[in-house]
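Examining the three-dimensional arrangement
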Amino acid sequence: MDGSIITVVQQKGGVGKTMLTAHLSVCAALEHGKSVAILDVDPQGSLGEWLEKREALLGEDATGLTFRTSSGWGSRREAQSLARDHDFVFIDTPPHAELEAKQTFRSATLALIPVQPAHIDLWATQPTLDMAASQDTPSVFVLNRVPARARITQEIVDALAELGGRVAKSRIGNRVAFAESIGQGRTAFETRPSSIAATEIRALTEEILRLASR
């Protein structure tokens, strides 16, 4: 049986897709013992740069991940090919790219849609949710860069629920550890294993893997 394909997608840029893709994939591999591939469909190539730093730090054969890149048209075929040999495939997608997003939706088991707790992110989310629905792809919203004790967070959660999407119980805070670790080719639960950031990523990974395995 082929593995699950999780596309991390949002038409708005700057919501943390690459950070989430890197953290979820490494946590699934290292802490859940899964075979994991990551597919970078974003021409900006940030995920590939992160992996190069990781290879330089750990060695090319010690990253715990299989890495591929693809254009939008080829992403569906590449994701399905990787899923034949891996438990999970995570796809990092570009913003403002409807064609590429549709291709990844067509192969995906689950669409993970990052949303920051801001109205501008909420306004940009409906088209992404509509694309997921048009391809019959189950989706889940993930609250990312959540500030401490901000009233707007619950407002955004309520509004997302009204859109008809599922909202992940696990939330990711606005924490320096994420940006620091990505810059090193690592993840927050590797650089700061006892931190709140690490705890949040572990909880989100467990939740997402469970949803994608159904």
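Cut-off values and rules
Residues numbered from 1 in each chain as written. Predicted model: local features only at pLDDT ≥ 70, side-chain atom pairs only at ≥ 80, totals over all residues. Heavy atoms only, no water. Helix = DSSP H or I, 4+ residues; strand = E, 2+ residues; numbered from the N terminus. Buried < 20%, exposed > 50% of the residue type's maximum accessible area, 1.4 Å probe, protein only. Contact = heavy atoms within 4.5 Å. Core = buried A, V, L, I, M, F, W, Y, C linked by side-chain atoms within 4.5 Å. Axes fitted to C-alpha atoms, helices over the stretch in contact; angles between N-to-C directions. Parallel < 35°, antiparallel > 145°, perpendicular 65-115°, else oblique. Left-handed = near helix turned anticlockwise from the far one by under 90°. Nonpolar A, V, L, I, M, F, W, Y, C, P; charged D, E, K, R; others polar. Pairing = 2+ DSSP bridges. Salt bridge = Lys/Arg side-chain N within 4 Å of Asp/Glu carboxyl O. Expected span 1.5 Å × (residues − 1). Bend = angle between axes of the 7 residues up to and from the residue.

Check the secondary structure of the chain and you find nine helices and seven strands. In terms of its C-alpha atoms, the chain occupies a principal-axis envelope of roughly 45 × 40 × 30 Å. Out of the 214 residues in the chain, the part that is buried amounts to 53%. Restricting the contact set of the chain to residue pairs at least 6 apart, pairs at least 24 apart contribute 80%.

Membership of the largest hydrophobic core comes to 37 residues, with the highest contact counts inside it found for Trp50, Leu65, Phe90, Leu112, Leu204 and Ile208. The contacts of Leu204, once residues within four sequence positions are left out, are Leu20, Leu24, Val142, Ala168, Ser170 and Ile172. Listed in part, the 16 residues of the second largest apolar core include Leu129, Met131, Leu143 and Ala159.

Turning our eyes to something else, we now look at the packing of helix α5 (residues 119–134) against helix α6 (residues 151–163). Packing of α5 against α6 brings their axes to within 11 Å, and their N-to-C directions diverge by 20°. Taken together, the axes of α5 and α6 lie roughly parallel to each other. The crossing of α5 and α6 is right-handed. Within the contact between the two elements, α5 uses His119, Leu122, Thr125, Gln126 and Leu129 and α6 uses Ile152, Glu155, Ile156, Ala159, Leu160 and Leu163. Split into classes, the residues belonging to the contact of α5 with α6 amount to seven nonpolar, three polar and one charged.

Positive phi outside glycine occurs at Arg145, with the angle close to 55°. One can find Arg145 in the loop between β6 (139–143) and α6. Assessed through its relative accessible area of 33%, Arg145 is described here as partly exposed.

One open sheet accounts for seven strands, arranged β3-β2-β4-β1-β5-β6-β7; its pairing is parallel. For this open sheet the edge positions go to β3 (66–69) and β7 (166–167), each flanked by a neighbour on one side alone. The pairing of strand β1 (residues 4–8) with strand β4 (residues 88–92) spans five bridges and is classified as parallel. Of the residues in β4, the one forming a bridge with Ser4 is Phe88. On top of the sheet, helix α3 (residues 75–83) reaches β1, β2 (36–40), β3 and β4; it is set at about 170° to β2, its chief contact. Lying over the sheet, α6 contacts β5 (110–115), β6 and β7, oriented at roughly 170° with respect to β6.

Two side chains with opposite charge may pair up if their charged atoms get near one another. Under the defined criterion, the tally for this structure stands at four salt bridges. Of the charged contacts, one joins Glu190 and Arg54 as a salt bridge, the two residues approaching to 2.9 Å between their closest N and O atoms. One end of the pair, Glu190, is in helix α8 (residues 188–191); the other, Arg54, is in helix α2 (residues 46–58), with 136 residues separating them in the sequence. Just as Glu190 is buried, Arg54 falls in that class too.

Here we come to α5. The first and last C-alpha atoms of α5 sit 24 Å apart over 16 residues, in line with the 22 Å expected at 1.5 Å per residue. Where α5 bends most, the angle comes to about 30°, and this point is Thr125, followed within four residues by the proline Pro127. Among all positions in α5, only Asp121, Leu122, Thr125, Thr128, Leu129, Met131 and Ala132 are buried. One or two residues past the end of α5 sits Asp136, with phi positive at roughly 55°.

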